[in-house]
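Given next are the chains, with one letter for each unit.
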Amino acid sequence: MNTMESMYETIDKELISSLSFPENDVLDDDKEAILQRQNDLNRALALGNLEHLKIKIYFEDDKSKKVVDTTIWGLTDERIILKQGVVIPIKRIYKTI
């Protein structure tokens, strides 16, 4: 397990809808990182829709840092949409791989 992975608790996609997300952005107005996150999400969306590839999404709820291995089905200005209508606010995402 690499060091980044060990900082994040793995969570099942089905449990995400029970999480609570604060309003603030985890990237703290780092404009370059925010732009990179958006580019990565757009790429992940394309991979999910075209190839049905799973990606790792590193994010934070109101309690701790988490990672989920899933497919992104949709993307709005404020959130990503996973299967079964599960959503994660974009502002709470660190990165996608």
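Residues numbered from 1 in each chain as written. Predicted model: local features only at pLDDT ≥ 70, side-chain atom pairs only at ≥ 80, totals over all residues. Heavy atoms only, no water.

A.B. asks: Explain the nonpolar core to me, please; I cannot follow it from the model alone.
C.D. replies: As a rule of thumb, nonpolar side chains are buried together in soluble globular proteins. Ranked by size, the top nonpolar core spans 18 residues in total, and within it Ile16, Ile57, Phe59, Ile72, Ile80, Leu82 and Ile88 carry the most contacts. Every residue in contact with Ile16, bar those within four places of it in the chain, is listed here: Ile11, Phe21, Phe59, Val68, Leu82, Val86, Val87 and Ile88. Counting residues in each nonpolar core, the second largest holds six residues, with Tyr8, Val26, Leu27 and Tyr94 among its members. (Core = buried A, V, L, I, M, F, W, Y, C linked by side-chain atoms within 4.5 Å. Buried < 20%, exposed > 50% of the residue type's maximum accessible area, 1.4 Å probe, protein only. Contact = heavy atoms within 4.5 Å.)

A.B. asks: Whenever I open this one, the sheet that holds strand S4 (residues 74–75) confuses me. Can you help?
C.D. replies: The pairing of strands in a sheet comes from backbone hydrogen bonds and takes either a parallel or an antiparallel form. The strand order across the open sheet formed by three strands is S4-S5-S6, and the pairing between neighbours is antiparallel. Among the strands making up the open sheet, the edge pair consists of S4 and strand S6 (87–89). Sheet topology note: the strand S5 (residues 79–81)/S6 ladder contains three bridges and is antiparallel. The residue bridging Arg79 from the neighbouring strand is Pro89, located in S6. (Pairing = 2+ DSSP bridges. Helix = DSSP H or I, 4+ residues; strand = E, 2+ residues; numbered from the N terminus.)

A.B. asks: Explain a negative patch on the surface here, please?
C.D. replies: A cluster of like negative charges, contributed by Asp28, Asp29, Asp30 and Glu32, occupies part of the molecular surface. In this fold, Asp30 is placed in the loop between strand S1 (9–10) and helix H2 (31–51). Residue classification places Asp30 among the partly exposed residues on the basis of a relative accessible area of 38%. (Patch = residues over 30% accessible without salt bridge, like charges linked within 9 Å, V, L, I, M, F, W, Y side chains within 5 Å. Areas by Shrake-Rupley, 256 points an atom, 1.4 Å probe, with all protein chains shown as cover. Salt bridge = Lys/Arg side-chain N within 4 Å of Asp/Glu carboxyl O. Lys, Arg positive; Asp, Glu negative; His and termini not counted. Charge placed at Lys NZ, Arg CZ, Asp CG, Glu CD.)

A.B. asks: For this particular structure, what's the right way to read H2?
C.D. replies: Residues that lie three or four places apart on an α-helix share one face, since the helix turns once every 3.6 residues. With 21 residues, H2 should reach 30 Å at 1.5 Å per residue; the first-to-last C-alpha distance of 30 Å fits that figure. Within the span of H2, buried status applies to Arg37, Asp40, Leu41, Ala44, Leu45 and Gly48. Across the axial projection of H2, the buried residues extend over an arc of 145 degrees, all falling on one side. Every exposed residue of H2 that faces more than 90 degrees away from the buried side is listed here: Lys31, Glu32, Leu35, Arg43, Leu50 and Glu51. On its buried face, H2 sits against strand S2 (55–60), S4, S5 and strand S7 (93–96). Positive phi shows up at His52, right after H2, with a value of about 55 degrees. (Expected span 1.5 Å × (residues − 1). Arc of directions from axis to C-beta.)

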